[in-house]
Amino acid sequence: MTSDQAMRVSDRDRERASPSGSGVGGNVNRRVITSTGEFLDASRTGGILPILVRPGAIHAELIRAHLGPIVADAVYCSLPLALRGETAADRVCLVVPMNRTGSGQLNGEPLIPGNLLAFGGSAEVAGASGAPLQCGMLSVASSALERTATALGIKSHPPGDGEFRVAPVVDRGRLSRAFDFLSGTVNHRKDATLAKREADAIERAFLEVVVRSLAADSSCSSPYQSARLTSTRIVRTCEDYARKWRYQNVTLGDLCEASGVSERRVRSAFYECYQMSPTAYLRVIALIAVRRELVDGPHLRDAVSRAATDWGFWHLSRFAAQYRALFGESPRHTLSHRAHRPRAAAN
């Protein structure tokens, strides 16, 4: 999109009357992530934890814009990944898939263009994506959606706290142009500031498209949604149980007992949510926990073996091979590059 085309988009959106504009300019920043440590930082993704599921060179881009009541993200990731976590309270989170190729799902719903995946506040999120992942994400104050719906004279149906639903996107072209415009503002730089007119127009475009999309009949949601949410809860129960025992000697039978369902149902829940078996997924999570301990924990003697056994890895040579396969480096290499911290007493 050229700058002239982008301005015409902004002017056209500005002419569509709505009192929901913030009346101030917006800030846009672009962050390129190439290290494992940055990639595994959930604070960059609103508390939704990205999880590496396959080794490879990391390249991810996050373009974030603050537009009054909206935080808009354009996301690209070159690696397959899994996601888990919980959305922010008192906000509606919306995911807009954009890649035409690849595969993936969130809460069992496919990541395909044309779907608007909507999460209420404090809603569970579990999913996986093939490479590459390209999507837009919006975090919106519920009050802004209500004001926009009132101004448009329509009744919208945003998800409530803890709820998840899927709606068909209304006016996909307008939504794509808004995300493209944000990406274009920081195409060759790190930060940019939008003019008031541009920020108001993009904010209005996002709010109006979301409200009109969520106004669609709720019957458009998948008939299998309740079952898929049940899978998400089964997986979360199993994760909580395994974490409680620090992944030590946790068997599939233990997960069945904790979740109260059969082995077949536990397996299908993990494949539905993460496209991985329960044991493979929990091993990845345990390896990530070890890495965090090596990076952020106290400087102890035998830190690698201590962290590994603390998180259920008793065969250290096998652990080292699994660690290197996932992160592309040895545990000792991770330890040698962490920030200098005071050495703790080692008993």
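Residues numbered from 1 in each chain as written. Predicted model: local features only at pLDDT ≥ 70, side-chain atom pairs only at ≥ 80, totals over all residues. Heavy atoms only, no water.

*Asks:* Quick question: what am I supposed to make of the sheet that holds strand S13 (residues 191-193) here?
*Replies:* The strands making up a sheet associate through hydrogen bonds between their backbones, and the pairing can be parallel or antiparallel. Taken together, the eight strands give an open sheet; going across it, the order is S12-S9-S6-S11-S4-S3-S1-S13, and neighbouring strands pair in antiparallel fashion. Among the strands making up the open sheet, the edge pair consists of strand S12 (164-168) and S13. Averaged over neighbouring strand pairs, the angle between their axes works out to 15° when direction is ignored. In terms of strand pairing, strand S1 (residues 27-33) meets S13 through three bridges, oriented antiparallel. (Pairing = 2+ DSSP bridges. Helix = DSSP H or I, 4+ residues; strand = E, 2+ residues; numbered from the N terminus. Axes fitted to C-alpha atoms, helices over the stretch in contact; angles between N-to-C directions.)

*Asks:* Hey, could you run me through the environment of leucine 207 in this one?
*Replies:* The residue leucine 207 is located in helix H5 (residues 196-214) in this model. C-alpha of leucine 207 to C-alpha of proline 69: the two residues are 138 residues apart in sequence and 9.6 Å apart in space.

*Asks:* Looking at this structure, I do not really get the nonpolar core. What am I missing?
*Replies:* Counting 66 residues, the largest nonpolar core has Phe39, Phe119 and Tyr274 as its most contacted members. Looking at this core element by element, the count peaks at eleven residues for helix H9 (residues 278-296). Other than its neighbours up to four places away in sequence, phenylalanine 39 contacts Ile33, Pro50, Leu52, Ile58, Ala60, Cys77 and Leu81. The next biggest cluster of nonpolar side chains, apart from the first, holds 37 residues, and it includes Ala149, Phe179, Ile202 and Leu207. (Core = buried A, V, L, I, M, F, W, Y, C linked by side-chain atoms within 4.5 Å. Buried < 20%, exposed > 50% of the residue type's maximum accessible area, 1.4 Å probe, protein only. Contact = heavy atoms within 4.5 Å.)

*Asks:* Sorry if this is basic, but what is going on with the sheet that holds strand S2 (residues 49-52) here?
*Replies:* Strand order in the open sheet formed by five strands is S2-S5-S10-S7-S8, and the pairing between neighbours is antiparallel. Looking at which strands have only one partner, the edges of the open sheet turn out to be S2 and strand S8 (109-110). Alignment of strand S7 (residues 104-106) against strand S10 (residues 124-129), held across three bridges, turns out to be antiparallel. Along S10, the bridge assignment pairs glutamine 105 with alanine 128. Seen against the sheet, helix H8 (residues 263-274) touches strand S5 (81-86), S7 and S10 and runs at an angle of roughly 75° to S10.

*Asks:* What am I meant to see in helix H7 (residues 252-259) here?
*Replies:* Three or four residues apart is the spacing at which side chains of an α-helix point the same way, because the helix has 3.6 residues per turn. Turning to H7, its buried residues number three or more, namely Leu252, Leu255, Cys256 and Ser259. The arc that holds the buried residues of H7, viewed along the axis, is 100°, so those residues lie on one side. Looking one or two residues past H7, glycine 260 carries a phi angle of roughly 75°, positive in sign. (Arc of directions from axis to C-beta.)

*Asks:* Just checking my understanding: could you explain the pairing of S1 for this structure?
*Replies:* Regular strands show a simple pattern: their side chains alternate between the two faces of the sheet. Summarising the sheet, S1 and strand S3 (residues 60-67) pair through seven bridges and their orientation is antiparallel. Its bridge partner being in S3, isoleucine 33 is matched across the sheet by alanine 60.

*Asks:* I tried to follow the pairing of S2 on my own but got confused; where do I start?
*Replies:* Both faces of S2 are covered, namely the face carrying Leu49 and Ile51 and the face carrying Pro50 and Leu52. Here S2 runs beside S5; their pairing, made up of four bridges, is antiparallel. Across the sheet, the residue bridging to isoleucine 51 is alanine 82, located in S5.

*Asks:* What exactly am I supposed to notice about the confidence of the model for the protein chain here?
*Replies:* When pLDDT drops low, the exact placement of atoms in the prediction is not to be read closely. When pLDDT is averaged along the protein chain, the result is 82, and 82% of the positions lie at 70 or above. Here residues 1-24 is a poorly scored stretch, pLDDT under 50, and it has 45 contacts once near neighbours within four places are set aside; other chains count. (pLDDT = per-residue confidence, 0-100.)

*Asks:* Please explain the packing of helix H4 (residues 172-185) against H5 as it appears in this structure.
*Replies:* For any two helices packed against each other, the geometry is given by the interaxial angle and the distance between the axes. The interhelical angle for the contact between H4 and H5, taken along N-to-C directions, is 145°, at an axis separation of 9 Å. Here the hand of the crossing between H4 and H5 comes out left-handed. The segment H4 lies against H5, with Arg174, Leu175, Ala178, Phe179, Phe181 and Leu182 engaging Glu198, Ile202, Arg204, Ala205, Phe206, Glu208 and Val209. In terms of residue class, the contact of H4 with H5 is made up of nine nonpolar, no polar and four charged. (Left-handed = near helix turned anticlockwise from the far one by under 90°. Nonpolar A, V, L, I, M, F, W, Y, C, P; charged D, E, K, R; others polar.)

*Asks:* Explain the packing of aromatic side chains to me, please; I cannot follow it from the model alone.
*Replies:* Aromatic ring pairs are described here by two measures, namely the spacing of the ring centres and the angle between the planes. Inspection of every chain in the model, using the stated rule, returns nine aromatic pairs. A ring pair is formed by phenylalanine 119 and phenylalanine 164, whose centres lie 4.7 Å apart and whose planes are at 35°; its orientation type is tilted. Here phenylalanine 119, found in strand S9 (residues 115-119), pairs with phenylalanine 164, found in strand S12; they are 45 residues apart in sequence, far enough to count as distant. Look at phenylalanine 119 and you get buried, because its relative accessible area is 1%. One cation-aromatic arrangement involves arginine 291 over phenylalanine 327; the distance from NZ or CZ to the ring centre is 4.9 Å. (Phe/Tyr/Trp six-rings, centres within 6.5 Å; stacked < 30°, edge-to-face > 60°. Lys NZ or Arg CZ within 6 Å of the ring centre and 35° of its normal.)

*Asks:* In this structure, what is going on with the pattern of salt bridges? I would like to understand it.
*Replies:* Any two side chains of opposite charge can pair, so long as their charged atoms come close to each other. Within this structure, the stated rule accounts for nine salt bridges. For the salt bridge of arginine 84 with glutamate 239, the shortest nitrogen-to-oxygen distance reads 3.0 Å. With a gap of 155 residues between them, arginine 84 in strand S5 and glutamate 239 in helix H6 (residues 225-244) connect regions that are remote in the sequence. Each member of the pair arginine 84 and glutamate 239 is classed as buried. (Salt bridge = Lys/Arg side-chain N within 4 Å of Asp/Glu carboxyl O.)

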